[in-house]
Amino acid sequence: MATGQYFNLEEEFAGLDFHSVRLEQRFVRTMETLVQRPDASIWEASENRAEAKAIYRMLGNEDFDRQEIIRAHREATIRRMVRYGGPILAVQDTTGVNYNTHLKTEGIGYISDKTLGVNVHSCLAVTSDGLVLGVLDQAGYNREEPRDESASHESKKVRPIEEKESFRWLETLERSTADIPEGVKVITVCDREGDMYELFAKAQSLKEPILIRIVQNRMTVENKRILDEIRKKRCQGRVEVRLPRDSRCSIPEREAVLQVRYATYTVKRPHILNPVKTLPDGIDLQVIYVKEEKPPKGKEGIEWFLATSELESGLEEAYEYVGYYMQRWKIERFHYVLKSGCGIEKLQERSIDKTMILILMYSIIAVTILNMTYAARLTPELPCSLVLGEEEWKLLYCVANKRKKEPKKPYTIKEAIDYLGCVGGPKRAPSDGPPGVKTVWIGLMKLYILLAYREYLT
Ligand SMILES: [Mn+2]
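Scope of this entry: the structure provided in the associated data block.

Rules used in this analysis
- By convention here, each chain's residues receive numbers from 1 onward along its written sequence.
- Local features in this predicted model are restricted to residues of pLDDT 70 or higher, and side-chain atom pairs are both shown and tallied only at a pLDDT of 80 or more, whereas totals for entire chains, interfaces and linings draw on every residue.
- Water and hydrogen atoms were dropped before computing side-chain values, which therefore reflect all heavy atoms in the structure.
- Only runs of H or I of at least four residues qualify as helices and only runs of E of at least two qualify as strands under DSSP, and these elements are numbered from the N terminus.
- C-alpha atoms define the radius of gyration in this analysis, and the globule rule sets the expected value at 2.2 Å times the number of residues to the power 0.38.
- Three exposure classes are used, based on accessible area relative to the maximum for each residue type with a 1.4 Å probe and protein chains only: buried under 20%, partly exposed in between, and exposed over 50%.
- Residue exposure ignores everything except the shown protein chains as possible cover, and the areas themselves are Shrake-Rupley values with a 1.4 Å probe.
- None of His or the chain ends enter the tally, which takes Lys and Arg as positive and Asp and Glu as negative.
- Here the site of a charge means atom NZ of a Lys, CZ of an Arg, CG of an Asp or CD of a Glu.
- Here the coordinating atoms are restricted to nitrogen, oxygen and sulfur within 2.8 Å of the metal centre, or 3.2 Å for Na, K and Ca, and because water is not among them the sites may look incomplete.
- Only protein atoms enter the 1 Å grid used here, on which a cavity is any set of points holding a 1.4 Å probe that cannot leave and a pocket is any open set flanked by protein within 12 Å on both sides along at least five of seven lines; residues with an atom within 4 Å of a point are listed as lining.
- Grid points are joined across faces, edges and corners, and a volume is the space filled by probe spheres set on the points.
- Each residue is assigned to one class: nonpolar for Ala, Val, Leu, Ile, Met, Phe, Trp, Tyr, Cys and Pro, charged for Asp, Glu, Lys and Arg, and polar for all the others, Gly among them.
- Contact criterion: two residues are considered in contact whenever any of their non-hydrogen atoms come within 4.5 Å of each other.
- By the criterion applied in these results, polar contacts are pairs of N or O atoms within 3.5 Å in which, for protein atoms, one can donate a hydrogen and the other can accept it, and in which residues neighboring in sequence qualify only through two side-chain atoms.
- Each nonpolar core is a collection of buried residues, namely Ala, Val, Leu, Ile, Met, Phe, Trp, Tyr and Cys, held together in the definition by side-chain atoms within 4.5 Å.
- Within 6.5 Å between ring centres, the rings of Phe, Tyr and Trp (the latter by its six-membered ring) count as paired, and their orientation is classed by plane angle as stacked under 30 degrees, edge-to-face over 60, tilted in between.
- In this scheme, the term charge over a ring applies when either NZ of a lysine or CZ of an arginine sits within 6 Å of the ring centre and within 35 degrees of the ring normal.

Digging into the overall build of the protein chain
- The secondary structure content of the protein chain amounts to 15 helices and 10 strands.
- Compactness check: the protein chain gives a C-alpha radius of gyration of 23 Å against a globular reference of 23 Å for 458 residues, within 12% of the reference.
- With respect to the three principal axes, the spread of C-alpha positions in the protein chain is 80 × 50 × 45 Å.
- Within the protein chain, buried positions represent 53% of all 458 residues.
- When the accessible surface of the protein chain is totalled, it reaches about 22700 Å², and 48% of it is carbon and sulfur.
- Of the side chains in the protein chain, 69 bear a positive and 68 a negative charge, and the two mean positions are spaced by 5 Å.

What follows is the structure, given as structure tokens:
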């Protein structure tokens, strides 16, 4: 079965090594089972009791190693990155996965002061034009004890970063960019949570390009405030972008004109970090400041300060980086598919370690669904046989068009995603635009159910 452009689960895990061929085969078969019913529990998704038991035996096997799954998937992802050729965005972000009723889960901790669960920090490889290629890194973090709100603000701040939760951004930067072949440019992209002097320093020492949204009004070596300074500059150019729907502020999807300003500053090491001898005194940051020209009535609109280590040639490059930052949104879609599509908060494993393995497996499934959805927009003319198996695209055509006669040749990816949209979503008009990721996964699930029972129907 082919799922997702360049995704074929057998090929994807051809390099997997659990020191047991049977275990490796079981893993690939399990992925094929789960991809067909990502929303269902293992019991529901399995074909029969025997398969469900075999999957649970696999999960309990000592050689079934999460690190090996991520290594094999990462290797396949890097192959896709090399094939793509252009800049790759390594987008990091965290999502809190709530297991508040799972008091007895081994290794469970707190994701906020009172909520049980695990924080899942992921790094996705996304092409600069928005195709999701895979998971480069994933790790779980939580606190053994609820957050101690009584500790003073100052005492929290002076701890070296290794003890703070923010260390995960640095670790992920190091792991996600390790051993990338020469010639593949990878830019690490983070939202405001990545605005840490330690992270800038780490990227500098590893010579890894970054693109981080900054919010702290840091001091420059000239004792000026960095955000205040760049706000004073004259507008240097304008760029038009398509902003996704903002459900929090109830603003629909919109075209926006952003004013662009950029400048280079050397920011000083914050006083609080002076005891950390390994950190440089100052770091050069290129800051791109974008501000929405005419925000929707009564709304604040976009105002971003994006710090990068890369800007060399000026305005055109600044526009490019604004476009790269827009792709950060793909990781939000990824979290949405993981929670709403794959239902990872419904997992019932007895330990957090096993839960993290399943979250990783569903993450790879989520990536294949995202990959397929965006491939239809970026490479609409490619044949659908890249994303669907022969049986799948033939049946999909018949169901979507209400016809009995199967097509002989594969149609395009764009048509395939439109057909999945017909099957998966409410009545759609062409003016609705391309189907979203949710319609696609529901369309796929219906298609797989039809395929599973097909031989009994005629
Ligand atoms: Mn975030």
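A look at the coordination of the manganese ion
- The protein atoms that coordinate the manganese ion are D93 (OD), D191 (OD) and E193 (OE), at distances spanning 2.2 Å.
- On the accessibility criterion, D191 (10% relative accessible area) is buried.

Re the side chain of S351
- Following the sequence through the fold, S351 ends up in the loop between α11 (329-341) and α12 (352-378).
- Since its relative accessible area comes to 10%, S351 is described here as buried.

Let's talk about the layout of surface pockets
- Each pocket or cavity is described by its volume, and for the largest pocket that value is around 2000 Å³.
- Residue lining of the largest pocket: 47 residues in total, with L243, P244, R245, D246 and W329 positioned closest to the centre.
- Going through the elements one at a time, β7 (237-243), β10 (303-308), α10 (315-326), α11, α12 and α15 (437-453) are the ones with two or more residues in the lining of the largest pocket.
- With 5 residues, the top contributor of residues to the lining of the largest pocket is α11.
- Its residues assigned to classes, the lining of the largest pocket shows 15 nonpolar, 10 polar and 22 charged.

Quick word on unusual backbone geometry
- Of note in the backbone geometry, H19 takes a positive phi value of approximately 60° without being a glycine.
- The exposed category is assigned to H19, whose relative accessible area is 70%.
- The residue D179 is not glycine, and still its phi comes out positive at about 55°.
- Tracing the backbone shows D179 in the loop between α7 (167-177) and β5 (186-190).
- Residue classification places D179 among the exposed residues on the basis of a relative accessible area of 71%.

A short note on the environment of Y265
- Within the secondary structure layout, Y265 lies in strand β8 (residues 254-268).
- For Y265, a relative accessible area of 11% corresponds to the buried category.
- Separated by 19 residues in sequence, Y265 and D284 have C-alpha atoms that sit 5.7 Å apart.
- When near neighbours in sequence (up to four residues on either side) are disregarded, Y265 contacts T220, I226, E229, I230, K233, I283, D284, L285 and V287.
- Side-chain polar atoms of Y265 contact the backbone nitrogen of I230, separated by 3.4 Å.

Side note on the nonpolar core
- Counting 114 residues, the largest nonpolar core has F13, F27, F64 and M81 as the members making the most contacts within it.
- Counting residues per element, this core draws most heavily on α12, at 18 residues.
- The residues touching F13, leaving out its near neighbours within four places in the chain, are F27, V28, M31, I69, A72, H73 and I364.

Considering the packing of aromatic side chains
- In total, this model carries 13 aromatic pairs according to the counting rule given.
- A centroid spacing of 5.3 Å and a plane angle of 55° characterise the contact between F18 and F64, whose relative ring orientation is tilted. Here F18 is found in the loop between α1 (9-12) and α2 (21-36), whereas its partner F64 is found in the loop between α4 (49-60) and α5 (66-84), with 46 residues between them in sequence. In terms of burial, F18 and F64 fall into one category: buried.
- Here F27 and F64 contribute two aromatic rings whose centre-to-centre distance is 6.0 Å and whose plane-to-plane angle is 50°, an arrangement assigned as tilted. Taken together, the residues span a long stretch of sequence, with F27 in helix α2 and F64 in the loop between α4 and α5 at a distance of 37 residues.
- Under the relative-accessibility criterion, F64 is labelled buried at 5%.
- Aromatic ring contacts, followed pair by pair, group F13, F18, F27 and F64 into a single cluster.
- One cation-aromatic arrangement involves K330 over Y374; the distance from NZ or CZ to the ring centre is 4.2 Å.

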